[in-house]
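In case you want the letters, here they are:
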Amino acid sequence: MSTTVENITVQTGWEQSMYAHIRRFSSTKCPRRIHCSNTFVQHVSTSTSSSSGHVANVQLAPQDSHPALVSGPNREPKQEEAPDVDVWEILKSARPDEYEKIAFNYGITDLRGLLKRLKKTKKEEKKSEAFAKKLDPAYQVDKGGKIRFVVDLADPTVELKWYKNGQEIRPTPKYVKYIFEHKGTQRIMIVNNCVLNDDAAYSVSAGDEKCTTELFVKELPVKIVKDIEAVKTTVNERIELECEVSEEGAQVKWMKNGVEVPTGVRSRYRVKSEGTKHWLIIDDASKDDTGTYSLMATGGTTEARVQVDLKPLKILQDLQNVTVMLGQPLKLHCEINPGNVPGRWYRNGQLIQPNDRINILHRAKNHRLEIESSSIHDSGDYTFVPEGYTQSLCAKIHVIDPPKVHLDSLNVPDNTVVIVAGTKLRLEIPISGEPAPRVVWMKGERVILDSGNRVRAETFADQTCFTIEVTEREDTGNYKIVLQNEAGEDTGSVRVKVVDIPDPPEAPLVPAVGGDWCSMTWDPPLYDGGSPILGYFIERKKKQSSRWMRLNFDLNKEATFEPKKMIEGVPYEVRVFAVNAIGVSKPSEPSKAFVPLAVTSEPTMLVVDDVTDTTVTMKWRPPETIGAAGLDGYLVEYCVEGTDDWIVANKGLTEKTKYTITGLPPESKILVRVRAINAAGASTPRTLQHSILVKEVIEPPKIRIPRHLKQTCIRRVGEAVNLVVPFMGKPRPKVSWLKEGTAIDPTHVSIRNTECDSIIFIRKADRNHSGKYEMTVKVENHEDTAIIDIQIVDLPGPPQYVKIEEVWGENVALDWTPPKDNGNAPITGYTIQKADKKTMEWYTCVEHYHRTCITISELVVGNEYYFRIYSENMCGLSECATQTKDSALIVKEGMNLKNPEYTDHDFKEPPKFTQPLINTFAIAGYNATLNCSVRANPRPKVIWMKNKIAIIDDPRYRMFSNQGVCSLEIRKPNPYDGGTYSCKAINDLGEAQVECKLEVKGGFTFYELMQRGVPLHLIDKYMNEAKNVEAEK
């Protein structure tokens, strides 16, 4: 006999400790009853001892005596009955030298731990006074089965209570999970339909005594029924791996090379399951998808190899060798097949990256490398390597360039180099040319050689050097440079003047200091170095720093200067350099230290925020410049118009940029100014340019409905609705809401109003919230209203009735009626499924089907089918489906079926607009679109008109018609484009027309209309209409 325990689900804390140590035990080789680990025996003993007060003997009974523990759906057939074996009694009666032999014969793997537990069992068990027979130490049952707990009472009158994990089990008349029976002195509790939650410790108490047992619920593993098949394909193809398991709805895991496959929204992998079948789908395979794919279930694993290879490469046009002049554009072009293969470009083995000068293009089969302006460094061997292939395309590029001497690199006026006598002169002049040119230096008719000691000329790859080790007055003169190569010749001339630098000036003086500036003066140097003083360089530094900063990069001609952009509150020092044609002198002595400090600039953007009969509220922005002294606050002053008496409005400084002046006489006119105050004093005031009339102005209310709320606002059931509607008006308007003419219940819809907007909020919308909500904004006798349409949609109900109209051949005709509940949204389609009567596994035949009748074909002859249909709207499929009451039997061959006669249905109908045009507001300069939908058969001709004039070949309009939806797009409209637009649909059976009004906001001036080319008579008409509209307002 073989008994197996595995896959035990842990429910409680002490069970986790036990289940983690339960091992798989079997008695395939041993004729005895059980073969178990000592850990399992220890836990059962401990559990029993703690609950009943003594150590119970662990004895696993035969199958017929304890079916809950040893039975299972996959057990082997019983060969023969063997006598019960009590391992504990054998160990108790055995000598210590026989323990190892007993452990070997009965498969005990942890003898030491078992002997430790055995020492604790050497106590005599107390005889129970309440129980004649207690519960067994442990029971086992398969998931979904039932188990019986039986105890025999010594006193039948004792009150008996059953417990699960310490909680009392009470019988209920409607709940048949637990059944309690009495048979003489026996008390029986039956647990039906066991699940994993029933895996627990059970106990029964009779008076003061209690006995305990353990119930183990075994979950069957999910096995692989059909393995994955190996796939070999090429890139860009579809890969579909299929596997079938033994249980529907089983949890499986797809792996690639031992790593779980990601199946998120943006993943390339899609996982699909239907019944017991599972699929892994890769729509657009790439080479990276090659690998070993596997599916893991609780009862096994299956794997298969997927090989994705590249398509063979064909070279349609190879690269060509190119010779190009320096600075000219360079283009390389090749064609390969397949066209969707990317590639990389290399120059002399180095990868080429695209930049502002290099452009790499890939269009289908064409690959291009374009260089806007070639350089010498672009010469070399070019290679194009298609990604994933070993083949490559090669070409040579040769860039030629005439010789040129770059004297501008000397950065001296008239190419005259001034050098101090006694110093070394080294001129490094860049040269260019391909191939490298020959260079000759000359002074007059004398050629300067590269072997000279004091004066010599040297030539390198990209420059020529002229060196005078120790300059002398006789070295002054013109030096000529001659460059020659096979592409041409170039010459240049350099003049050398040997002079000296001047002495440093005297220490500068700082007579005046500002917030971030100062003025400084100094005396010219006593010795100018033999050359007139050209100007001065000025430097400054912080006193604590040693880093000097140059203030002028152009020579300062005068002996005065004004440094700026200094940090307030920081001490500075300045110094001066004298410059002549030779160079820059040594620096002068630093000036005495000085500290810049100044007031802030004036406040900015002073405007009136609000006016009442006695108050005026002003607001402004902080000063653009705030010095090191910081900003302490603002001082607000006002005076009555016609007087010069400025009155301080705020007693103390205000740190805010908004202040309300109170206590003003009504209907008076005042002027207001604001100063910024810091430690350096008050800034210049910012004064309002015009006077303010102290009188409250009534502004009529105006609701500004956002564009997305001008149409129906659609939300799903359960979603939150949060709509913000801004409005204007002074004083603060009063806002009220109505739904369908009645007041809104605040317990269902929350309304919050502020000074400038109103918010309608529904935390969890349901279909009762659908309707038209009317918002009213009122200021005294003025008011404005707006209507917002809210539609709450939900999943539809199933079709009302589905019946089988006819069965012929391999076809079945179905007919059904639309659902009674459409979910407050139009029905967009139906999903039809079929199921074989033998398996009753449902498969989808058609999705998104629009009609209420269909013919299902290609059915298997001899099978009998049921059908069911789901409804679908914008929210999705209905929660349940309507199934046919009868089944459709597909008749086998040899049976004659008389086909009924049908009359063709006439689908022709005149045009009818299912969605009319809606009055629209557009913003000048932004595209506007008008939409409507029409139904007709045959297909109608659609004509768009503006003010009853057909729109034909006008580039400012674009017309679209798709599946009956007609759209007119107006590109960047202006107020002239406003008017009445209509859409007319015509076919042989009739015609239909809808129209709407378009108003374009944001007018143009007369000059702008002239620039746009609008005729004069239309401009005159537009200007008159604009004046009439303003007059009506």
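J.: If you had to explain the pattern of salt bridges to someone new, which residues and values would you point to?
T.: Counted by the stated rule, this structure contains 36 salt bridges. Among the salt bridges present, the one from E864 reaches K837, with a minimum N-O distance of 3.7 Å. Note that E864 is positioned in strand β65 (residues 864–873) and K837 in the loop between β62 (829–836) and β63 (842–849), a separation of 27 residues in sequence. A salt bridge links R958 to E969, with the nearest nitrogen and oxygen atoms 2.8 Å apart. Remark: E969 occurs in strand β75 (residues 965–970) and R958 occurs in strand β74 (residues 957–962); sequence separation between them is eleven residues. Relative accessible area serves as the criterion here: at 13%, E969 is assigned to the buried category. Taken together, the salt bridges that share partners define one network made up of R238, E240, R270 and D283.

J.: Give me the pairing of strand β33 (residues 463–468): which residues, what numbers.
T.: When you tally the buried positions in β33, you get five out of six residues, the bulk of the element. In terms of strand pairing, strand β29 (residues 425–434) meets β33 through six bridges, oriented antiparallel. Across the sheet, P430 pairs through a bridge with Q463, a residue of β33. Strand direction decides the pairing type here: strand β32 (residues 455–459) and β33, joined by five bridges, are antiparallel. In the strand pairing of β33, V455 is matched with I468. Following β32, the chain reverses through three residues before pairing antiparallel with β33.

J.: Pulling in residues and values, what's your account of the environment of P826?
T.: Mapping P826 onto the fold places it in the loop between β61 (811–816) and β62. Given a relative accessible area of 59%, P826 falls into the exposed group. Along the sequence, P826 and V793 sit 33 residues apart, while their C-alpha atoms lie 9.6 Å from each other. With residues up to four places along the chain from it excluded, the contact list for P826 reads N873 and M874.

What counts, and at which threshold
Residues numbered from 1 in each chain as written. Predicted model: local features only at pLDDT ≥ 70, side-chain atom pairs only at ≥ 80, totals over all residues. Heavy atoms only, no water. Salt bridge = Lys/Arg side-chain N within 4 Å of Asp/Glu carboxyl O. Helix = DSSP H or I, 4+ residues; strand = E, 2+ residues; numbered from the N terminus. Buried < 20%, exposed > 50% of the residue type's maximum accessible area, 1.4 Å probe, protein only. Pairing = 2+ DSSP bridges. Contact = heavy atoms within 4.5 Å.

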